[in-house]
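An overview of the molecular structure
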Amino acid sequence: METGNQTRLSYFILLGFSQDSEHQPILFFLFLSMYLITVLGNLLIILTITSDPYLHMPMYFFLSNLSLADICFTSTTIPKMLVNIQTQSKAITYAGCITQMCFFNIFGVMDTLLLTLMAYDRFVAICHPLHYTLIMNHRLCGLLVLMSWFISITYSLTQSLLILMLSFCTNVEISHFYCELAQALTIACSDTLINHILIYIGTTLLGIVPFSGILCSYVRIVSSILRIPSGHGKYKAFSTCGSHLSTVSLFYGTGFGVYLSSYATSWRGMIVSLMYTVVTPMLNPFIYSLRNRDIKRALQKVLGRKLYVP
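Everything quoted here is computed from the prediction, not taken from an experiment. (Residues numbered from 1 in each chain as written. Predicted model: local features only at pLDDT ≥ 70, side-chain atom pairs only at ≥ 80, totals over all residues. Heavy atoms only, no water.)

Secondary structure summary: the chain contains eleven helices and three strands in total. Along the chain, helices (α) and strands (β) appear in the sequence β-α-α-α-β-α-α-α-β-α-α-α-α-α when read from the amino end. Residues classed as buried in the chain amount to 49% of the 310 residues present. Across the chain, every contact between residues at least 6 apart in sequence was considered, and the portion connecting residues at least 24 apart equals 77%. (Helix = DSSP H or I, 4+ residues; strand = E, 2+ residues; numbered from the N terminus. Buried < 20%, exposed > 50% of the residue type's maximum accessible area, 1.4 Å probe, protein only. Contact = heavy atoms within 4.5 Å.)

This is the structure we're talking about:
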């Protein structure tokens, strides 16, 4: 196959949600609002955790890293879309598209690994409370997060290098609001078998396996909670997992929906993608601040006003 001129592709076209110019101001305001809420909300969570010594615990250490990953995750897609709406252009450069794919994969994988670490933290805290401080020490938590970053970056760079080896034809349209990997592969002219194999391996090892680990952790957690004799003790144990379970349900529910539904390449697929790329990172600060008494108290100090803590 000839690749001479095809590999010289300079840009892609992101079709986005609407071709109607009348809808563009509404979309711009909507996504700008969601982006600002996401960034400010997650920054507030990070500031709250770092400024309160009482929150310097493994659970909140993982949460602060999740908030950081969520900010970066959303920042890989929304700012470019806002610029395109404002300039009435749907183009993204070839280098910009590859860069967007790379960082999107890094922070997307990082989210899945951090949610898994948070599930493991809750498992140790509830099932092995007497050994919690010994097992979940600062050194181990730091190593787990560093390992997660290493895995995320390694997988993303490998996927990006394989994309760079592909050639593309005259069709440069991507039916999405960002440079989605699977969509880009559909318009490639060269053989994408290795790319698809890596996607299946990555989905299994970095998606299904962590999700299975979360499920196993919560099976053990529920089993341990049901053995607690007092009703108050059961409620207190369940309450420490509620925020995490809500986030896991949102992230994995919509994430798997993109790749497992028959609408993954359609307009409905973009809506599902929007849920886990934008809506879930936006809701995470609200989920953790509204359902966590420690975060509420720390926010009270940061904001300098009294928050209601039931």
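There is more to say after this.
Across three bridges, the pairing between strand 1 (residues 11-14) and strand 2 (residues 91-93) is antiparallel. In the strand pairing of strand 2, phenylalanine 12 is matched with isoleucine 92. Two strands pair when backbone bridges link them, and strand 1 and strand 3 (residues 173-174) are joined in this way by two bridges, in the parallel orientation. What sits directly across from leucine 14, in strand 3, is isoleucine 174. (Pairing = 2+ DSSP bridges.)

What the rule picks out here adds up to twelve aromatic pairs. Measuring from centroid to centroid gives 6.2 Å for phenylalanine 103 and phenylalanine 107, while their planes differ by 15°, and the two rings are stacked. Placement of both phenylalanine 103 and phenylalanine 107 in helix 4 (residues 94-127) is noted, with a separation of four residues, approximately one turn of the helix. Overall, phenylalanine 103 belongs to the partly exposed group, its relative accessible area being 39%. Arranged with centres 6.0 Å apart and planes meeting at 85°, the rings of phenylalanine 107 and tryptophan 149 form a pair that is edge-to-face. With phenylalanine 107 in helix 4 and tryptophan 149 in helix 6 (residues 138-164), this pair connects stretches of sequence that are 42 residues apart. (Phe/Tyr/Trp six-rings, centres within 6.5 Å; stacked < 30°, edge-to-face > 60°.)

So, about the nonpolar core. For soluble globular proteins, the rule of thumb is that nonpolar side chains tend to be buried together. Counting 64 residues, the largest nonpolar core has Phe17, Phe31, Phe62, Leu63, Leu115, Ile221 and Ile295 as its most contacted members. Ile98, Phe168, Val172 and Cys179 belong to the second-largest nonpolar core, a separate cluster that totals 21 residues. (Core = buried A, V, L, I, M, F, W, Y, C linked by side-chain atoms within 4.5 Å.)

Here the focus is helix 3 (residues 78-87). Residues Ile78, Met81, Leu82, Asn84 and Ile85 constitute the buried set of helix 3. Take helix 3 and look down its axis: the buried residues cluster within an arc of 160°, on one side only. Positive backbone phi, approximately 55°, marks glutamine 88, located one or two places after helix 3. (Arc of directions from axis to C-beta.)

This next bit is on helix 8 (residues 193-226). Side chains of residues three or four places apart in an α-helix project in the same direction, reflecting 3.6 residues per turn. Given a rise of 1.5 Å per residue, 34 residues ought to cover 50 Å, and the 48 Å separating the end C-alpha atoms of helix 8 matches this to within 8%. At threonine 204, helix 8 shows its maximal bend, which comes to roughly 30°. (Expected span 1.5 Å × (residues − 1). Bend = angle between axes of the 7 residues up to and from the residue.)

This next bit is on the state of the cysteines. As enumerated under the stated definition, the model contains one disulfide in all. Covalently, cysteine 97 is tied to cysteine 179 through a disulfide, its sulfur atoms 2.1 Å apart. Where cysteine 97 bonds to cysteine 179 through sulfur, the torsion about that S-S bond is close to -125°, and the disulfide is left-handed. A residue pair is termed long-range when its members are at least 10 positions apart, and cysteine 97 in helix 4 and cysteine 179 in the loop between strand 3 and helix 7 (181-186) qualify at 82 residues. (Disulfide = S-S within 2.5 Å.)

A few words on the side chain of serine 148. Relative to the helices and strands, serine 148 resides in helix 6. Contacts of serine 148, omitting those with residues within four sequence positions, involve Met110, Leu113 and Leu117.

As recorded in UniProt, the feature "transmembrane region" (unreviewed entry) lies at residues 26-47, 59-78, 98-120, 140-158, 197-221, 242-264 and 270-290. Structurally, residues 59-78 comprises 90% helix and 0% strand, and the distance from its first C-alpha atom to its last is 28 Å. In residues 270-290, helix accounts for 100% and strand for 0%; the two terminal C-alpha atoms are 29 Å from one another. (UniProt positions renumbered as here; feature names shortened; annotations may be inferred.)

Let's shift gears to the pattern of salt bridges. Taken as a whole and assessed by the stated rule, the structure comprises one salt bridge. Between aspartate 121 and arginine 122 there is a salt bridge, and its shortest N-O distance comes to 2.8 Å. (Salt bridge = Lys/Arg side-chain N within 4 Å of Asp/Glu carboxyl O.)

Moving on, we come to the packing of helix 2 (residues 58-75) against helix 6. Between helix 2 and helix 6, the shortest axis-to-axis distance is 11 Å and the interhelical angle comes to 25°. Comparing their axes, helix 6 and helix 2 come out roughly parallel. The crossing of helix 2 and helix 6 is right-handed. Here helix 2 contributes Pro58, Phe61, Phe62 and Asn65 to the contact with helix 6, which in turn contributes Cys141, Gly142, Leu144, Val145 and Trp149. Tallied by class, residues from the contact of helix 2 with helix 6 come to seven nonpolar, two polar and no charged. (Axes fitted to C-alpha atoms, helices over the stretch in contact; angles between N-to-C directions. Parallel < 35°, antiparallel > 145°, perpendicular 65-115°, else oblique. Left-handed = near helix turned anticlockwise from the far one by under 90°. Nonpolar A, V, L, I, M, F, W, Y, C, P; charged D, E, K, R; others polar.)

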